[in-house]
Amino acid sequence: MLPTALSALLIALLELFSGKRFDEDGFCESSPRLRFDLRHEHAVSHTGNVVFSDVRPVGGYEFTGTLHELGTRYISSFRPPSFEEHSEARIRSIRHAQSTKLPWYEDTILGPAVESRETLLELAKMTNNAYVTPNDTAWYSLGNRWVSHYPFGWEPDADGFRGYVFATPDNSTVVLSIKGTSANMFGGGGPTAKKDKFNDNLLFSCCCARVGWTWTTVCGCYRGGWKCDQLCLEQALIDESLFYPIGTNLYNNLTYMYPNSNIWIIGHSMGGALASLLGVTFGVPVVAFESPGERLAARRLHLPSPPSTQHVTHVYHTADPIAMGTCNGVLSSCALAGFAMETKCHLGESIVYDTVSNLSWSVDIRNHGIVTVIENVGREVPIPKREVDCVECYSWEFDDFPPS
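Bear in mind the structure is a predicted one, so any value in this text is a computation, not a measurement. (Residues numbered from 1 in each chain as written. Predicted model: local features only at pLDDT ≥ 70, side-chain atom pairs only at ≥ 80, totals over all residues. Heavy atoms only, no water.)

**Brief notes about the overall build of the protein chain**
And step 1. Looking only at helices and strands, the protein chain features 12 helices and 16 strands.
And step 2. Relative to its 404 residues, the protein chain shows a buried fraction of 54%.
And step 3. A fraction of 75% describes how many contacts in the protein chain between residues 6 or more apart in sequence connect residues 24 or more apart.
And step 4. Of the roughly 18,700 Å² that the protein chain leaves accessible, carbon and sulfur atoms contribute 52%. (Helix = DSSP H or I, 4+ residues; strand = E, 2+ residues; numbered from the N terminus. Buried < 20%, exposed > 50% of the residue type's maximum accessible area, 1.4 Å probe, protein only. Contact = heavy atoms within 4.5 Å. Areas by Shrake-Rupley, 256 points an atom, 1.4 Å probe, with all protein chains shown as cover.)

**Some details on helix α3 (residues 117-129)**
And step 1. Relative to the 18 Å expected for 13 residues at 1.5 Å per residue, α3 spans 18 Å between its end C-alpha atoms, a close match to the ideal helical length.
And step 2. Taken residue by residue, α3 has Arg117, Thr119, Leu120, Leu121, Glu122, Leu123, Ala124, Met126, Thr127, Asn128 and Asn129 as its buried positions.
And step 3. Where α3 starts, the residue carrying a side-chain oxygen 3.3 Å from the main-chain nitrogen of Glu118 turns out to be Ser116. (Expected span 1.5 Å × (residues − 1). Polar contact = N/O pair within 3.5 Å; in protein donor to acceptor, adjacent residues only side chain to side chain.)

**Notes on the state of the cysteines**
And step 1. In the structure shown here, the tally under the stated rule is six disulfides.
And step 2. A sulfur-sulfur distance of 2.1 Å marks the disulfide that ties Cys221 to Cys232. Residues Cys221 and Cys232 are joined by a disulfide whose S-S torsion is about -75 degrees; by sign, that bridge is left-handed. Placement of Cys221 in the loop between α4 (193-203) and β10 (227-229) and of Cys232 in helix α5 (residues 230-237) is noted, with a sequence separation of 11 residues between them.
And step 3. Each disulfide pairs two cysteine sulfurs, and for Cys345 the partner residue is Cys390, the sulfurs being separated by 2.0 Å. Looking along the S-S bond of the Cys345-Cys390 disulfide, the torsion reads about -95 degrees, which is the left-handed sense. Of this pair, Cys345 sits in the loop between α10 (333-336) and β14 (349-353) while Cys390 sits in the loop between β15 (385-386) and β16 (397-399), and the two are 45 residues apart along the sequence.
And step 4. We classify Cys390 as partly exposed; its relative accessible area is 23%.
And step 5. By sequence-ordered numbering of the bonded cysteines, the protein chain has its disulfides arranged as 1-12, 2-6, 3-4, 5-7, 8-9, 10-11. (Disulfide = S-S within 2.5 Å.)

**Quick notes on the packing of helix α6 (residues 243-257) against helix α7 (residues 270-282)**
And step 1. Contact geometry for α6 and α7: axes closest at 10 Å, N-to-C directions at 60 degrees. Considering the angle they form, α6 stands oblique to α7. In the packing of α6 onto α7, the handedness of the crossing is right-handed. Residue-level inspection shows Phe243, Tyr244, Gly247, Thr248, Tyr251 and Asn252 of α6 in contact with α7, the latter providing Met270, Leu274, Leu277, Leu278, Thr281 and Phe282.
And step 2. Among the residues making up the contact of α6 with α7, the classes are represented as eight nonpolar, four polar and no charged. (Axes fitted to C-alpha atoms, helices over the stretch in contact; angles between N-to-C directions. Parallel < 35°, antiparallel > 145°, perpendicular 65-115°, else oblique. Left-handed = near helix turned anticlockwise from the far one by under 90°. Nonpolar A, V, L, I, M, F, W, Y, C, P; charged D, E, K, R; others polar.)

**Overview of the confidence of the model for the protein chain**
And step 1. On average, residues of the protein chain carry a pLDDT of 81, and 76% of them reach 70 or more.
And step 2. Scored below 50 in pLDDT, residues 24-28 shows six contacts in the model against residues more than four places distant or in partner chains.
And step 3. Segment residues 58-66 is flagged for pLDDT under 50; beyond a separation of four residues in sequence, or across chains, it makes 15 contacts in the model. (pLDDT = per-residue confidence, 0-100.)

**Let's talk about the pairing of strand β6 (residues 72-79)**
And step 1. In terms of residue burial, β6 counts as a mostly covered element, since six of its eight residues are buried.
And step 2. Inspection of the sheet shows β6 paired to strand β7 (residues 105-112) by eight bridges, in the antiparallel sense. When the sheet's bridge partners are listed, Arg73 is paired in β7 with Gly111. (Pairing = 2+ DSSP bridges.)

**Some words on the packing of aromatic side chains**
And step 1. As enumerated under the stated definition, the model contains six aromatic pairs in all.
And step 2. A centroid spacing of 6.0 Å and a plane angle of 75 degrees characterise the contact between Tyr222 and Trp396, whose relative ring orientation is edge-to-face. Highlighted residues: Tyr222 in the loop between α4 and β10 and Trp396 in the loop between β15 and β16, separated in sequence by 174 residues.
And step 3. Taking the centre distance of 3.9 Å and the plane angle of 25 degrees together, the rings of Tyr251 and Phe282 count as stacked. Taken together, the residues Tyr251 in helix α6 and Phe282 in helix α7 connect sequence positions 31 residues apart.
And step 4. Taking relative accessible area as the criterion, Tyr251 reaches 7% and is therefore assigned buried.
And step 5. Taking relative accessible area as the criterion, Phe282 reaches 8% and is therefore assigned buried. (Phe/Tyr/Trp six-rings, centres within 6.5 Å; stacked < 30°, edge-to-face > 60°.)

**Quick look at the environment of Arg92**
And step 1. Position of Arg92 relative to the elements: it lies in helix α2 (residues 83-96).
And step 2. Looking at Arg92, the relative accessible area reads 29%, which means it is partly exposed.
And step 3. The sequence separation of Arg92 and His302 amounts to 210 residues, and the corresponding C-alpha distance is 9.4 Å.

**What about unusual backbone geometry?**
Negative phi values dominate among residues other than glycine, just as trans dominates among peptide bonds.
And step 1. In this structure, Cys208 is a non-glycine residue whose phi angle is positive, near 60 degrees.
And step 2. In this structure, Cys208 sits in the loop between α4 and β10.
And step 3. The class for Cys208 is buried, based on a relative accessible area of 1%.
And step 4. Positive phi, normally seen in glycine, also occurs at Ser360, with a value near 60 degrees.
And step 5. Among the secondary structure elements, Ser360 is positioned in the loop between α11 (355-359) and α12 (370-375).

Rendered as structure tokens:
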């Protein structure tokens, strides 16, 4: 019989390198494969309320086939004691600059097997579908019987937070898919483009989207030269018009609908960054595709930091200037389209495909789309790694600068 400490160490190493969970006697607890159905689409009404619409099969009969099948693994996550205590800690930090040490609860939960190319592809397809309706030609097929839906919250004039909810047949696991930016430069557009652009420029710019002297900033915190008022900037990010508070409301509604379910959050681009912010808030598994750096936004939003964010996984490639944080400067393709995508540091761990070196791709904004990940990125999944020594917005000076 091995000593307890040595047994625990060996079990931890086995779990780390195998992606499987072992009990105290060393027997493997196999990670199940999960099948998902499309259950709901979500959006935000003109009054700011989160609304859900059920998605039903054609003809009114139940669907018994497979929509998405995913591999899983057990991961460690840290959850706050409650959303209310998490919010109170944020408020104390925002209003009084007081840091509150939350009693984070470590939990072992079932998450997606991100080391599997098959699983990443299925999640990427779910993420792509958050941009479109099931009858759109861009929709990745979910099964022959799922070809219609109720368009509640997806009317042509709806202009807010959108996405879909997928669930396993037994409701044990629910996946929340969040739409990213809809803009012509990213291959789309539509009624949400204006709010998407505002959120992008506020969340992922260094200072209110001040790229050049001809730019109209999205907040009034720029103080001339390379100076930015830090308190003003933080207050701007906390504004209720941002998608983050809508996302927390959406997540809380989802836990009310599925109180006993394991919830995962996925998204592409801005949707991936929002998924990460929600995952850090609630301690749930996240997979974000081609997301701009959200670490700076998390700090400015005063999100309490858990002991670990390894339950958040970013997936991107080196030919995407947005995910790499290189789509900046007055002559960049992002700036020419009116976007200030200046951040590059990500939370959690990142799976980075080196498509520039290995596939000879050129760095191009057209490589940012989620379809590029689904159709063209290589089969071998790189090892997830933390982004260390990441620095952004180094030219700026952030302090208490009163308006001139």
